[in-house]
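# Coordinates in review
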Amino acid sequence: MAIAKKVTINDVAHAAGVSVATVSLVLSGKGRISTATGERVSQAIEQLGFVRNRQAASLRGGQSGVIGLIVGDLCSPFYAELAAGMIESLESQGKMVFLTQGGRKGEHMLERFDTLVSQGVDGIVIAGAVDRGAELRTKAEDNGVPLVFASRASYLDDVDLIRPDNMQAAQMITEHLIRRGHQRIAWLGGQSASLTRAERVGGYCATLLKFGLPFHSEWVVECEASQKQASQALTQLLGQNPTITAVVCYNSVVAMGAWLGLMRSGWKSSDEGVDYYDKRVALAAFAEVREKDLDDAPMSWVITPAREMGKSVAERMLQRLDDGKSTVRNQIMPPRLVKQQ
């Protein structure tokens, strides 16, 4: 005897010609749904014999205790740290996190958003590349779901956002090198399309100009987040420009590659002044991990506090759930300089 296939909310959405999120709204009675759309969904439910799962219904009622988190790319150390901080904080408050990935370029964000809404999460956090911030905000408002963005750069306007101060971090690490006596400072790493890199390079350039130091465009080198490529890029840079005395590295992977490149080329990593005959070069880099987790290498770091950001995101979401206010705030997390010389 064949067993009848269980009708799902996806089946109802397909039959009614609407999204899963719309079916969820009709079931929960939330959001702005037209009468005609509501009738189509109701007819599909009746025709298919869809039975609401009581647990799912309670989730849609906003009592799930589950927060959705859409991360652009969990392989990124920044977003991995952010997710860890957010999950730790929410779990300590008796909440759970439904984690999914939206794609490095945000290509799956809308789809993942609809999935989380259909699962009845209490709120959603978007962490990663978002080209449709306004659209996601509108969808959240229509669904009555609190939405908080966590971003590495400041490219989103009029949304509830928490982000690091990339420009200040770059100014801080560049000024640190200048005050240690360096006047020929290069940049290594990142891609020109990256907004995070643009903000950091902007801070680096502004600091050089502030102290009356020259800016050489050929000293700003793009590089993938690869130790091998960073090592090769730095070796070539120093071979062509041997008077460079310090290098600011885009992230920890690039920094470790640069360090290996120095050692293989017979140079030394040192922040203690400049010695051309001994071929010393100072390295400084941005890091997203906690201070205790930094690589043990002779360089200085400026930390953009990803885990602390995650905790702040969790706090903001809990506030939104408690008071129901939709006031937009833009919170900037300050960087911290760590010297390891």
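Everything here concerns the structure above.
Residues numbered from 1 in each chain as written. Predicted model: local features only at pLDDT ≥ 70, side-chain atom pairs only at ≥ 80, totals over all residues. Heavy atoms only, no water.

Here we take up helix α6 (residues 109-118). Among the 10 residues of α6, seven are classified as buried, and the element is accordingly described as predominantly covered. Among the residues trailing α6, Gly 120 stands out with phi positive, at a value near 75 degrees. (Buried < 20%, exposed > 50% of the residue type's maximum accessible area, 1.4 Å probe, protein only. Helix = DSSP H or I, 4+ residues; strand = E, 2+ residues; numbered from the N terminus.)

A word on the side chain of Thr 174. When you line up the elements, Thr 174 lands in helix α8 (residues 166-179). You can call Thr 174 buried: its relative accessible area is 0%. Setting aside residues up to four positions removed in sequence, Thr 174 forms contacts with Ile 185, Tyr 204, Thr 207, Leu 208 and Val 248. (Contact = heavy atoms within 4.5 Å.)

Applying the stated criterion across every chain yields a total of four aromatic pairs. Ring geometry for Phe 78 against Tyr 79: centres 5.0 Å apart, planes inclined by 90 degrees, an arrangement best described as edge-to-face. For the pair Phe 78 and Tyr 79, a shared accessibility class is recorded, and that class is buried. An aromatic cluster of three or more residues is present, and its members are Trp 187, Tyr 204, Phe 215 and Phe 286. Here Arg 200 stacks its cationic end above the ring of Tyr 250, 5.0 Å away from the centre of that ring. (Phe/Tyr/Trp six-rings, centres within 6.5 Å; stacked < 30°, edge-to-face > 60°. Lys NZ or Arg CZ within 6 Å of the ring centre and 35° of its normal.)

Another point: the pattern of salt bridges. Enumeration according to the criterion identifies 11 salt bridges in this entry. When the shortest N-O distance is used, the salt bridge between Arg 104 and Asp 73 registers 2.9 Å. Residue Arg 104 is located in the loop between β2 (96-101) and α6, and its partner Asp 73 is located in the loop between β1 (66-71) and α5 (77-92); the two are separated by 31 residues in the primary sequence. For Asp 73, a relative accessible area of 15% gives the class buried. Notably, a salt bridge pairs Asp 114 with Lys 139, separated by 2.9 Å at the nearest N-O pair. With Asp 114 in helix α6 and Lys 139 in helix α7 (residues 133-143), this pair connects stretches of sequence that are 25 residues apart. Since its relative accessible area comes to 18%, Asp 114 is described here as buried. Salt bridges sharing partners connect three or more residues here, namely Glu 81, Glu 88 and Arg 307. (Salt bridge = Lys/Arg side-chain N within 4 Å of Asp/Glu carboxyl O.)

Moving on, we come to the nonpolar core. Leu 188, Leu 234, Val 247, Cys 249, Leu 283, Met 299 and Trp 301 are the most contacted members of the largest nonpolar core, which totals 29 residues. Elements supplying a minimum of two residues to this core: β6 (185-188), α10 (227-240), β8 (246-249), α11 (252-264), β10 (280-287) and β11 (300-303). The element best represented in this core is α11, accounting for six residues. By size, the runner-up hydrophobic cluster in this structure holds 22 residues, among which are Val 71, Leu 82, Ala 127 and Met 317. (Core = buried A, V, L, I, M, F, W, Y, C linked by side-chain atoms within 4.5 Å.)

The next thing to look at is the pairing of β1. When you tally the buried positions in β1, you get six out of six residues, the bulk of the element. Going residue by residue along β1, you find Val 66, Gly 68 and Ile 70 tucked away on one face and Ile 67, Leu 69 and Val 71 tucked away on the opposite face as well. Relative to β2, β1 runs parallel, the two sharing six bridges. Within β2, the position partnered with Leu 69 by the bridge is Leu 99. One crossover worth recording links β1 to the parallel β2 by way of α5, and it is right-handed. Examined bridge by bridge, β1 and strand β3 (residues 123-127) share five bridges and lie parallel to one another. Of the residues in β3, the one forming a bridge with Gly 68 is Ile 124. (Pairing = 2+ DSSP bridges. Right-handed = clockwise from strand over helix to strand, strands pointing away.)

Another point: the side chain of Glu 199. Here Glu 199 is to be found in helix α9 (residues 195-210). Within the buried core, Glu 199 has no salt-bridge partner, and the shortest N-O distance to an opposite charge, that of Arg 163, equals 4.7 Å. (Lys, Arg positive; Asp, Glu negative; His and termini not counted.)

Sheet architecture is open: six strands sit in the order β2-β1-β3-β4-β5-β12, paired in parallel fashion. Each having just a single partner strand, β2 and β12 (330-333) make up the two edges of the open sheet. Strand-to-strand twist in this sheet, taken as the mean axis angle between neighbours without regard to direction, amounts to 20 degrees. Along the sheet, α5 makes contact with β1, β2, β3, β4 (147-150) and β5 (161-164), crossing β1 at roughly 175 degrees. Against the sheet, α6 contacts β1, β2, β3 and β4, and its axis sits at roughly 170 degrees relative to β1. (Axes fitted to C-alpha atoms, helices over the stretch in contact; angles between N-to-C directions.)

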